[in-house]
Amino acid sequence: MNIGKAIVTARQARCLSVKDLATQAGISRSYLRELEAGKKQPNLDKIEAVSSALGLPTSTLMWLAEFLEDSYAPQPDDSDFVNALLGMLSVRESA
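Residues numbered from 1 in each chain as written. Predicted model: local features only at pLDDT ≥ 70, side-chain atom pairs only at ≥ 80, totals over all residues. Heavy atoms only, no water.

Caption draft 1: Looking closely at the nonpolar core. With 22 residues, the main nonpolar core has Ile7, Leu21, Ile27, Leu32, Val50, Leu54 and Leu61 as its most contacted residues. Residue assignment for this core shows that the elements contributing at least two residues are helix 1 (3–13), helix 2 (18–25), helix 3 (29–36), helix 4 (44–54) and helix 5 (58–71). (Core = buried A, V, L, I, M, F, W, Y, C linked by side-chain atoms within 4.5 Å. Buried < 20%, exposed > 50% of the residue type's maximum accessible area, 1.4 Å probe, protein only. Helix = DSSP H or I, 4+ residues; strand = E, 2+ residues; numbered from the N terminus.)

Laid out in structure tokens, this is it:
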């Protein structure tokens, strides 16, 4: 599973900068960069914080990590596809 690839893919699809996502997740920019590069393996608390900042259930981010590991190499212009995929998978709370 490549959680870093899932984080960067979802972050880009959500049009968030590293700074914005790190701030919203309560982690440092350098730590987020290391996660995205696959240099760090986050604990569950960090995964939950990043998922929440991305507006995704943790299970969706974990599924995306598995999906990207096995079958898909995202391209910079794939944000529409990834947004549609995340939209289908996300559980949205009713207001």
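Now that the structure has been shown, we can carry on.
Caption draft 2: Seen up close, the pattern of salt bridges. All told, the structure shown has one salt bridge when counted by the stated rule. Notably, a salt bridge pairs glutamate 36 with arginine 11, separated by 2.6 Å at the nearest N-O pair. Residue glutamate 36 is found in helix 3, and its partner arginine 11 is found in helix 1; the two are separated by 25 residues along the sequence. Accessibility expressed as a relative area gives 10% for arginine 11, which makes it buried. (Salt bridge = Lys/Arg side-chain N within 4 Å of Asp/Glu carboxyl O.)

Caption draft 3: A look at the side chain of serine 51. The residue serine 51 is located in helix 4 in this model. When neighbours within four sequence positions are excluded, serine 51 is seen to be in contact with Leu56, Pro57, Thr58 and Leu61. (Contact = heavy atoms within 4.5 Å.)

Caption draft 4: Examining the environment of glutamine 24 more closely. The topology assignment puts glutamine 24 in helix 2. Along the sequence, glutamine 24 and alanine 49 sit 25 residues apart, while their C-alpha atoms lie 8.2 Å from each other. Those residues within four positions of glutamine 24 in sequence are excluded, and the remaining contacts are Leu16 and Ala53.

Caption draft 5: Quick peek at the packing of aromatic side chains. For the coordinates displayed, the defined rule picks out one aromatic pair. Aromatic side chains tryptophan 63 and phenylalanine 67 sit 5.0 Å apart centroid to centroid with 15° between the ring planes, which places their arrangement in the stacked category. Placement of both tryptophan 63 and phenylalanine 67 in helix 5 is noted, with a separation of four residues, approximately one turn of the helix. Classification of phenylalanine 67 by relative accessible area gives partly exposed; the value is 22%. (Phe/Tyr/Trp six-rings, centres within 6.5 Å; stacked < 30°, edge-to-face > 60°.)

Caption draft 6: Structural detail: the confidence of the model for the protein chain. Mean pLDDT over the protein chain works out to 83, with 73% of the residues at or above the 70 mark. Per-element averaging of pLDDT across the protein chain places helix 6 (residues 79–89) at the bottom with 66 and helix 2 at the top with 97. (pLDDT = per-residue confidence, 0-100.)

Caption draft 7: Seen up close, the packing of helix 2 against helix 3. Where helix 2 contacts helix 3, the axes come no closer than 9 Å and their chain directions differ by 110°. What the angle tells us is that helix 2 and helix 3 run roughly perpendicular. Across the interface between the two elements, Val18, Lys19, Leu21 and Ala22 from helix 2 touch Arg29, Leu32, Arg33 and Glu36 from helix 3. Here the contact of helix 2 with helix 3 is built from residues that sort into four nonpolar, no polar and four charged. (Axes fitted to C-alpha atoms, helices over the stretch in contact; angles between N-to-C directions. Parallel < 35°, antiparallel > 145°, perpendicular 65-115°, else oblique. Nonpolar A, V, L, I, M, F, W, Y, C, P; charged D, E, K, R; others polar.)

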